[in-house]
Amino acid sequence: MRIVLGVGGGIAAYKVASLLRLFTEAGHDVTVIPTEAATRFVGVATWEALSGHPVSNSVFDDVHTVNHVRLGHEAELIVVAPATADLLSRAATGQANDLLSNTLLMAGDCPVLMAPAMHSEMWQHPATQANVETLRSRGVTVLEPASGRLTGSDSGPGRLPEPEAIFEAALALAGAPSVPNSPDITAPDAAPSPPAAGRPLAGLTVTISAGGTREPLDPVRFLGNRSSGKQGVALAAAARDAGARVRLLAGHMDVPPPAGVDVIRVETALELRKAALHAAADSDVIIMAAAVADFRPADVAGTKIKKRDDVADPVITLVRNPDILRELVEVRDAASRTQLVVGFAAETGDADGDVLDYAAAKLRRKACDLLVVNHVGQDKVFGEDTNSVVILSRTGSEPQEASGSKSDVAAAVIDRISAELSRVVPPA
Ligand code: CTP
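Quick caveat, the model's predicted, so the values are computed rather than measured.

What follows concerns the overall build of the protein. Check the secondary structure of the protein and you find 14 helices and 19 strands. Relative to the 2.2 N^0.38 estimate, which gives 22 Å for 428 residues, the radius of gyration of the protein is 23 Å and therefore close to what a compact globule would have. The C-alpha extent of the protein, read off along each of the three principal axes, is 80 × 65 × 40 Å. The buried share among the 428 residues of the protein stands at 49%. Intrachain contacts of the protein at a sequence separation of at least 6 include 68% that bridge at least 24 residues. Carbon together with sulfur atoms contributes 53% to the accessible area of the protein, which is approximately 20000 Å² in total. One way to put it: in the protein the 39 positive side-chain charges average out to a point 4 Å from where the 52 negative ones average out.

See below:
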């Protein structure tokens, strides 16, 4: 595969030499385009020696070959690492002031993956986040940076994901086979499985919500829940490995999102509802694995609620949040979309019925196509690395059990989804 490897001007440029080696050793033909600033960290000679190709960062070198047009048209995959705040901004606003930005504008349908690295403040700045959102909305895959020690004494989100993780995500994006057993460093509990036979979700868009919502009480307090996001993250990795373009609507999670998926961060149930309804418009599958708060405080204090001796202690009034899953099904049916909607249910049994009785009632209430049922209780499921579920279908077919690691359960759910989809749209 012909790959263009854009290198931004950050200290992490040195790690990209290893990424280049991974690509060339896997047999890919890589042209490196460093920015002017990148060559202050790693020289042109290094990129030329490792790639076996001449390296330039100017549109005025080899003008007769019209380099940016040729590179943009010929590339089958473009990877930018480290994607600095400046590069993300230039790409988002369509600037064309060096060979790399010109090539990005010429990329057409070619898959583009950007791996950001910068200080946490720069990454979290609204300007950078807006640029990332713009790029993602145009179909660019922007990885989440890893968290950890940064260049100075600071630490936090902003580290370049490890070269192996970028390599893995890039090949998954381009639909090329990945290397068996290569570690997925950004998601330790969701190591990619080898590509499923025939990549059953290739060409499909899968939206997955994960983690817990947080409903604010005042600027420092919220009502939350114990969801770790592990099962949703494992589902995202499994859907990615099955060939899907994956969008992860991430509430509060204890684990990082997997490489190679688009991440949209949400905080509250209302934010999740907005993101889910928006994403639904072009999704073939929606999986609601998030633990959504059923209620939110009726009033959110603008300043921190203080204890006072001269007034009574506060009483919190709750109002009901919309049922997003139910709404997704209603919108799908109203728009006559061919879309599979999958819910999760956390159930306990009692004297009036067992877990499956309650789950079957919930499936009828929510009217989704599949319901993945967890049996919850003290010390069960939340934050654990294993899970045990039963998958119920609206068509009334036999309940299917799956258990093991959260990756095993995710693979079983994705297999079941693939089977349901092939029933709706039989393979050609
Ligand atoms: N869900 C949702 N919107 C809500 C609450 C839940 O979309 N406001 C989704 C969850 O993501 C999950 C499914 O609904 O896929 C089941 O969530 P659960 O909390 O188990 O069900 P509830 O409808 O809240 O039922 P109950 O609390 O009465 O058991």
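What follows covers the side chain of Gln 339. By the secondary structure assignment, Gln 339 is in the loop between helix H12 (324-334) and strand E16 (340-347). If we ignore the near neighbours within four places in the chain, the residues touching Gln 339 are Ala 280, Ser 283, Asp 284, Ile 286, Arg 332 and Asp 369.

All right, on to the packing of helix H1 (residues 13-25) against helix H3 (residues 44-51) then. Where H1 contacts H3, the two axes come as close as 10 Å, and the packing angle between them is 15°. One finds that H1 runs roughly parallel with respect to H3. In this structure, the crossing between H1 and H3 has a hand that is right-handed. Counted together, Ala 13, Val 16, Ala 17, Leu 20, Arg 21 and Thr 24 of H1 and Trp 47, Leu 50 and Ser 51 of H3 form the full contact between these two elements. For the contact of H1 with H3, the residue count by class is 6 nonpolar, 2 polar and 1 charged.

Pairing between sheet strands relies on hydrogen bonds along the backbone, with the strands arranged either parallel or antiparallel. Spatially, 5 strands are ordered E2-E1-E3-E4-E5 in an open sheet, and the strand pairing comes out parallel. The open sheet has two free edges, formed respectively by strand E2 (29-34) and strand E5 (141-142), since each of these has just one partner strand. When strand E3 (residues 77-83) meets strand E4 (residues 112-116), the two strands line up parallel, connected through 4 bridges. Each residue of the ladder has a partner; that of Ala 83, found in E4, is Pro 116.

Our focus in this paragraph is the site of the ligand. As a structural note, the neighbourhood of the ligand is formed by 15 residues, with Met 288, Leu 325, Phe 344, Lys 362 and Lys 366 the closest of them. In this structure, Ala 346 approaches the ligand through a main-chain N or O atom, which is 3.5 Å from an oxygen atom. Protein chains shield 77% of the accessible area of the ligand, which is 570 Å² for the free molecule. Breaking the shell around the ligand down by element, the ones donating at least two residues are H12, E16 and helix H13 (355-366). The biggest single contributor to the shell around the ligand is E16, with 4 residues. Of the residues that constitute the shell around the ligand, the class distribution is 9 nonpolar, 1 polar and 5 charged.

Quick look at the confidence of the model for the protein now. Across the protein, the average pLDDT comes to 88, with 91% of residues at 70 or higher. This stretch, residues 178-197, has a pLDDT under 50; its non-local contacts, to residues over four places away or in other chains, come to 41 contacts.

So, on to the pattern of salt bridges. Going through the model one piece at a time under the given rule, you end up with 22 salt bridges. Asp 218 is the partner of Arg 221 in a salt bridge, and the nearest nitrogen-oxygen pair spans 2.5 Å. A salt bridge links Asp 282 to Arg 247; its shortest N-O distance comes to 2.9 Å. Pair noted here: Asp 282 is in the loop between helix H11 (269-280) and strand E13 (285-288) and Arg 247 is in strand E11 (residues 245-250), with a separation of 35 residues, a long-range link. A single network of salt bridges, built from pairs that share partners, joins Arg 245, Arg 247, Asp 262 and Asp 282.

Conventions adopted
Residues numbered from 1 in each chain as written. Predicted model: local features only at pLDDT ≥ 70, side-chain atom pairs only at ≥ 80, totals over all residues. Heavy atoms only, no water. Helix = DSSP H or I, 4+ residues; strand = E, 2+ residues; numbered from the N terminus. Rg over C-alpha atoms; globule rule 2.2 N^0.38 Å. Buried < 20%, exposed > 50% of the residue type's maximum accessible area, 1.4 Å probe, protein only. Contact = heavy atoms within 4.5 Å. Areas by Shrake-Rupley, 256 points an atom, 1.4 Å probe, with all protein chains shown as cover. Lys, Arg positive; Asp, Glu negative; His and termini not counted. Charge placed at Lys NZ, Arg CZ, Asp CG, Glu CD. Axes fitted to C-alpha atoms, helices over the stretch in contact; angles between N-to-C directions. Parallel < 35°, antiparallel > 145°, perpendicular 65-115°, else oblique. Left-handed = near helix turned anticlockwise from the far one by under 90°. Nonpolar A, V, L, I, M, F, W, Y, C, P; charged D, E, K, R; others polar. Pairing = 2+ DSSP bridges. Near = heavy atom within 4 Å. Polar contact = N/O pair within 3.5 Å; in protein donor to acceptor, adjacent residues only side chain to side chain. pLDDT = per-residue confidence, 0-100. Salt bridge = Lys/Arg side-chain N within 4 Å of Asp/Glu carboxyl O.

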